[in-house]
Amino acid sequence: MRWWQELKYLARRIDRRRAEKELDEEIRAHLEFEIEENVAAGMSREEARYAALRAFGNVALSQEDSRSVWGFRTIEMLWQDLRYGLRMLARNRGFTVVAVIALAVGIGANSAIFSVVNTVLLRPLPYTDPDRLVMVWEEGTPDGFPINSASAANYIDWRDQNQVFTDAAVIGRVTFNLTGAGEPERLDGRRVSANLFPLLGVQPHVGRTFSAEEDGPGANRVVMLSHALWQRRFGAQPDIVGKHLTLSGETYEVVGVMPPQFQFPSRNDQLWVPIAFTPQQAANRGNNSFEVLARLKPGVTREQAEAEMDAIAARLQQQYPDVVKSKGCVVIPLHEQLVGDIKPALLILLGAVGFVLLVACANVANLLLARAAARHKEIALRLALGARRGRIVRQLMTESLLLSAMGGVVGLLLAIAGVSLLKTFIPDNTSQVTAVNVDANVLAFTLGVSLLTGLIFGLAPALQASRFNLNEALKEGGRDSSAGGHGSHIRSLLVIAEVAVSLVLLIGAGLLIHSFVRLRSVDPGFRTDNLLTMRIALPKLKYPDHATRTAFHDELLRRVTAVPGVRSAAVTNWIPLTLQGDTFGVTVEGRPDPGAQNMPDVVTRVVSFDYLNTMGIQLLRGRPFDHQQDKVDSPPVAIISETTARRLWPDEDPLGKRLKAGGADSDEPWIAVIGVAEDVRQFQLTAEPRLQMYLPSVQPAFFVPGHLVVRTDIDPMSLAGAVRQAVWEIDKDQPVSDVRSMDEIFAESIAHQRFSMLMLGVFAAVAMLLGTVGIYGVVSYTVAQRTHEIGVRMALGAGTGNVLSLIVGHALKLTLIGVLVGLPVAFVLSRLTESLLFGVTPTDPATFVAIPLMLIAAAALASYLPARRATRIDPVIALRYE
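Before going into details, it helps to say that this report is about the structure given with it. The structure displayed is predicted, hence computed values, not measured ones.

Thoughts on the overall build of the protein
A tally of helices and strands in the protein yields 26 helices and 22 strands. Here the protein, with 882 residues, has 49% of them falling under the buried criterion. Considering only contacts within the protein whose residues lie at least 6 apart along the sequence, 79% involve residues at least 24 apart. Accessible surface for the protein amounts to roughly 41,100 Å². Of this, 57% is attributable to carbon and sulfur atoms.

Structure follows, in structure tokens:
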């Protein structure tokens, strides 16, 4: 009779549908009436519609009504989830604070480093079509310089013969003594061709740029000021244009002021003047001291431009073999040139903070798993009352997103503070470092990271929490079903991941720390302690010849050495480790002329008699400079370095040998070697010592001393004022600038390495701390869940050592697995730090052994504390534990 039952069932359904249709028509009339009543009561039509629909929510509705009900119900459910999530987080303040802090550290570190990466690497340069701007250099010299500046004549030929650039500008260094307007001041600036600013596409803040007529010999002297100099020295006078300044004894007219953020080519440049080559300068191919900026034509690639410039350089070398050394050119995008060697460091740091965030996420996920286990009865009861698993997952994910949002807000505040702190560590010569801030891109990045973080650490705990066994969970004495099951496995995997990621960061930081220690231990060839340095460059107009400059320096040294606390003093043309230096090619007497292309470049220091003693440079052989033997009219002499002696006179005694500047047929005098001194790292600690020699300043030379070094018996900076006063007693208009101790210069020379080491070290330490806290939390939770088991063991005779071995052994097992997982990853990723290392290989055995042992020791300590607490459990109480 089953067919008869099915027929009756269908008849009942048809009757029910007919009744529902009739009822629906009647209720709809009531629904419309209710809506109008609600509108009359002051509700908006949408609110009135929603209120009426809620009252008749079980009625078959139209599609439009259904969508309206679904939309309002969705909003209402989301609002309920948010309110419930906030109540739950507020109820567990300890958990919320710990989770928010962990996330804030990870998110804040990411946002702070991203703000630097965004400004330095991602943000376009503030010029027109910056991607088409390139720097053009000559290929490096045989002595190891990778690139070389251009000569004036070569620049002119490059500009006129190329078919790949729309235009090319030339830039040269210049310094001026600003006098006649308060205290004399030394200003760094640039001599530039008039087309530089149009080439960049930059308009002045006040006034105008240079005209083509002003960029010629004999034209009126004009100057453009930086915005900072205009504000600092001239009080941002609106009528500055047209005023005249006295620069190095000559009068210049101000024609413009650059915008506030203009920093080309260096942030230290404070003024610009036309380069105005004379005919003699324009024909000079031996003075390689100019930088060349060019703009690529549309559609031309860097490789195409470099190929054409190579061809031009090769032609010039064939035409002028005696003076042109290079056969090729190097074309470097301007952004790449300005960023320099900090790019790999920033990218590595960005990856490092990403790892820190992963460790923070794993930590919070572990906390959420433990918390979900503690809420198992609540969740099971909601499931038993009809809540769907999707509803439970959504509620738990809402709480996770709330946590990540709060972590993002706190992290953003940390990032704002962190950016200010980062600026103090970022090397000053980093491009656009002053513009680093938390902008819209950083805010968007923080928002995205926060949301992604909430999904990452919240999804697994939410899915796990919705899979409780209802029968077990609802029993009065039921224990946490996740304590030893799938939830426990997930927590263990998260701990393993934390250990592995922390190990990778710690090994990277260990390599950089080891490298930095090696770098700090490098002997620069001189003593940096108690050494005061300053710049005292004499203007040519006031001191036009060798005799007047020598007289000034002699009187200066006499007065400075008389200052109490001063042991000795000397002058030189450049200070070591400042990336500045003068060189010239030399020919060795009795050797074939090597030609301009193969002529060795020798770093040359023009120094006063007591320079080696003042700097603490050891004289290995021969004699020092002497007042009696080395006079202005005596035969030229030089002291060379060990490397120079070894390279130019291998297996020979260099004393008494002679060399000269230029080729064998040059008019320069032969210079006799009278001594051999210890090698000095003149440019940077990471570079091997180059060929170098010292010439006495009393004898006329190519280069003019412009720096003073003072060896003191006390803190060198405490004597800066007295030394400055000694200068002004000789010449009240002579500026004194760049007053620094040699220790400060030494620190600045390794600023990039220190920045990378400090940042990665801090992030690795944070990751290790988070990982250790994660181990501690898991072990503590395990102890709490296994209280009954531990009580049974102790009641059966297990001692303190057995319990400690049980708990600590489990933690060390997870740690060892994490170490085994992290070691091969660290082995691969450590090679990314190779460009940042000095004297250390990326697979340094000492680091790869010491760091895992340190991490294992930290894990043992983190697990020992809760394990020690477990040994104090009273078996009687533990046996009653539910």
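Moving on from the model shown.
So, the packing of aromatic side chains
Under the criterion given, the structure shown has 13 aromatic pairs. A centroid spacing of 5.5 Å and a plane angle of 65° characterise the contact between Phe-176 and Tyr-252, whose relative ring orientation is edge-to-face. Here Phe-176 is found in strand E3 (residues 165–179), whereas its partner Tyr-252 is found in strand E8 (residues 250–257), with 76 residues between them in sequence. Here Phe-176 matches Tyr-252 in class, with each residue buried. The interplanar angle of 45° and the centroid separation of 6.0 Å between the aromatic rings of Tyr-611 and Tyr-694 together place this pair among those described as tilted. Pair noted here: Tyr-611 is in helix H18 (residues 611–615) and Tyr-694 is in strand E20 (residues 692–696), with a separation of 83 residues, a long-range link.

A closer look at empty space enclosed by the protein
Once rolled over the atoms, a probe with the size of a water molecule shows which space is left empty. Overall, the coordinates contain five cavities of 30 Å³ or more when judged by the stated rule. Taken as a whole, the second largest cavity holds about 50 Å³ of empty space. Lining the second largest cavity, in full, are Val-603, Val-680, Arg-681, Gln-682, Phe-683, Gln-684, Ala-687, Glu-688, Pro-689, Arg-690 and Gln-692. Broken down by class, the residue content of the lining of the second largest cavity amounts to five nonpolar, three polar and three charged.

Quick notes on the pairing of strand E17 (residues 637–641)
Summarising burial for E17: five of the five residues are buried, a large majority. Here E17 shows two buried faces, one formed by Val-637, Ile-639 and Ser-641 and the other by Ala-638 and Ile-640. Bridge count for E17 against strand E19 (residues 671–677) is five bridges, and the pairing is parallel. Paired with Ile-640 across the bridge in E19 is Val-676.

Re unusual backbone geometry
Between Phe-264 and Pro-265 the backbone carries a cis peptide bond, its omega angle lying at -5°. A positive phi angle is found at Asp-651, which is not glycine, with a value near 60°. Tracing the chain through its elements places Asp-651 in the loop between helix H19 (642–648) and strand E18 (658–661). Even without being a glycine, Asp-738 presents a positive backbone phi close to 50°. You can see Asp-738 is positioned in strand E22 (residues 737–741).

Remarks on a nonpolar patch on the surface
A cluster of nonpolar side chains, contributed by Val-825, Phe-827, Val-828, Leu-829 and Leu-832, occupies part of the molecular surface with about 430 Å² of accessible area. By the secondary structure assignment, Phe-827 is in helix H24 (residues 800–829).

Some words on the side chain of Thr-815
Checked against the element boundaries, Thr-815 lands in helix H24. Since its relative accessible area comes to 1%, Thr-815 is described here as buried. Looking at Thr-815, its side chain comes within polar contact range of the main-chain oxygen of Ala-811, at 2.9 Å. With near-sequence residues (within four places) excluded, Thr-815 lies in contact with Val-499, Ile-775, Leu-855, Ile-856 and Ala-859.

Side note on the environment of Leu-531
Within the secondary structure layout, Leu-531 lies in strand E12 (residues 531–535). For Leu-531, a relative accessible area of 0% gives the class buried. Each residue touching Leu-531, except ones within four places of it in the same chain, is listed here: Thr-614, Met-615, Val-710, Arg-711, Pro-716, Arg-740, Ser-741 and Met-742.

Comments concerning the pattern of salt bridges
Scanning all chains against the criterion turns up 28 salt bridges. For Arg-190, the salt bridge identified is with Glu-291, shortest N-O distance 3.5 Å. A residue pair is termed long-range when its members are at least 10 positions apart, and Arg-190 in strand E4 (residues 185–192) and Glu-291 in strand E10 (residues 290–296) qualify at 101 residues. Exposure class is identical for Arg-190 and Glu-291. Each is buried. Between Arg-658 and Glu-589 there is a salt bridge; the shortest N-O distance is 2.8 Å. Of this pair, Arg-658 sits in strand E18 while Glu-589 is found in the loop between strand E14 (582–588) and strand E15 (601–607), placing the two residues 69 residues apart along the sequence. Overall, the relative accessible area of 31% leaves Arg-658 in the partly exposed class. One salt-bridge network, in which partners are shared between bridges, spans Glu-555, Arg-558, Arg-559 and Glu-729.

Calculation criteria
- Within every chain, residues take consecutive numbers counted from 1 along the sequence as written.
- For this predicted model, a pLDDT threshold of at least 70 governs which residues receive local features, and a threshold of 80 or more governs which side-chain atom pairs are given and counted, while totals over whole chains, interfaces and linings are taken from all residues.
- To get the side-chain values, all heavy atoms of the structure are used, and hydrogens and water are removed first.
- Going along the chain from the N terminus, every DSSP run of H or I of four or more residues is numbered as a helix, and every run of E of two or more is numbered as a strand.
- For each residue, the accessible area found with a 1.4 Å probe, counting protein chains only, is set against the maximum for its type, and the residue is called buried under 20%, exposed over 50%, and partly exposed in between.
- Contacts: residue pairs with any heavy atoms within 4.5 Å of one another.
- Here the Shrake-Rupley method, with its probe set to 1.4 Å, supplies the accessible areas, and only the displayed protein chains count as covering residues.
- Two rings belonging to Phe, Tyr or Trp (six-membered ring only in the last case) form a pair when the distance between their centres is within 6.5 Å. Interplanar angles under 30 degrees mark stacking, angles over 60 mark edge-to-face geometry, and anything in between is tilted.
- Cavity means a closed set of points on a 1 Å grid over the protein atoms alone, one where a 1.4 Å probe fits but cannot get out, pocket means an open set with protein on both sides within 12 Å along at least 5 of 7 lines, and lining means a residue has an atom within 4 Å of a point.
- Grid points are joined across faces, edges and corners, and a volume is the space filled by probe spheres set on the points.
- Think of it as three bins: nonpolar holds Ala, Val, Leu, Ile, Met, Phe, Trp, Tyr, Cys and Pro, charged holds Asp, Glu, Lys and Arg, and polar takes everything else, Gly as well.
- Here, any two strands with at least 2 DSSP bridges between them count as paired.
- A patch consists of residues whose relative accessible area exceeds 30% and which take part in no salt bridge; residues with like charges are grouped when within 9 Å of each other, and nonpolar side chains (Val, Leu, Ile, Met, Phe, Trp, Tyr) when within 5 Å.
- One side-chain nitrogen of Lys or Arg within 4 Å of one carboxyl oxygen of Asp or Glu is enough to make a salt bridge.
- A 3.5 Å cut-off defines polar contacts: any pair of N or O atoms within that distance qualifies, except that in protein one atom must be a possible hydrogen donor and the other a possible acceptor, and neighbouring residues in sequence count only when both atoms are side-chain atoms.

From the geometry alone we can't say anything about function, so treat these as descriptive.
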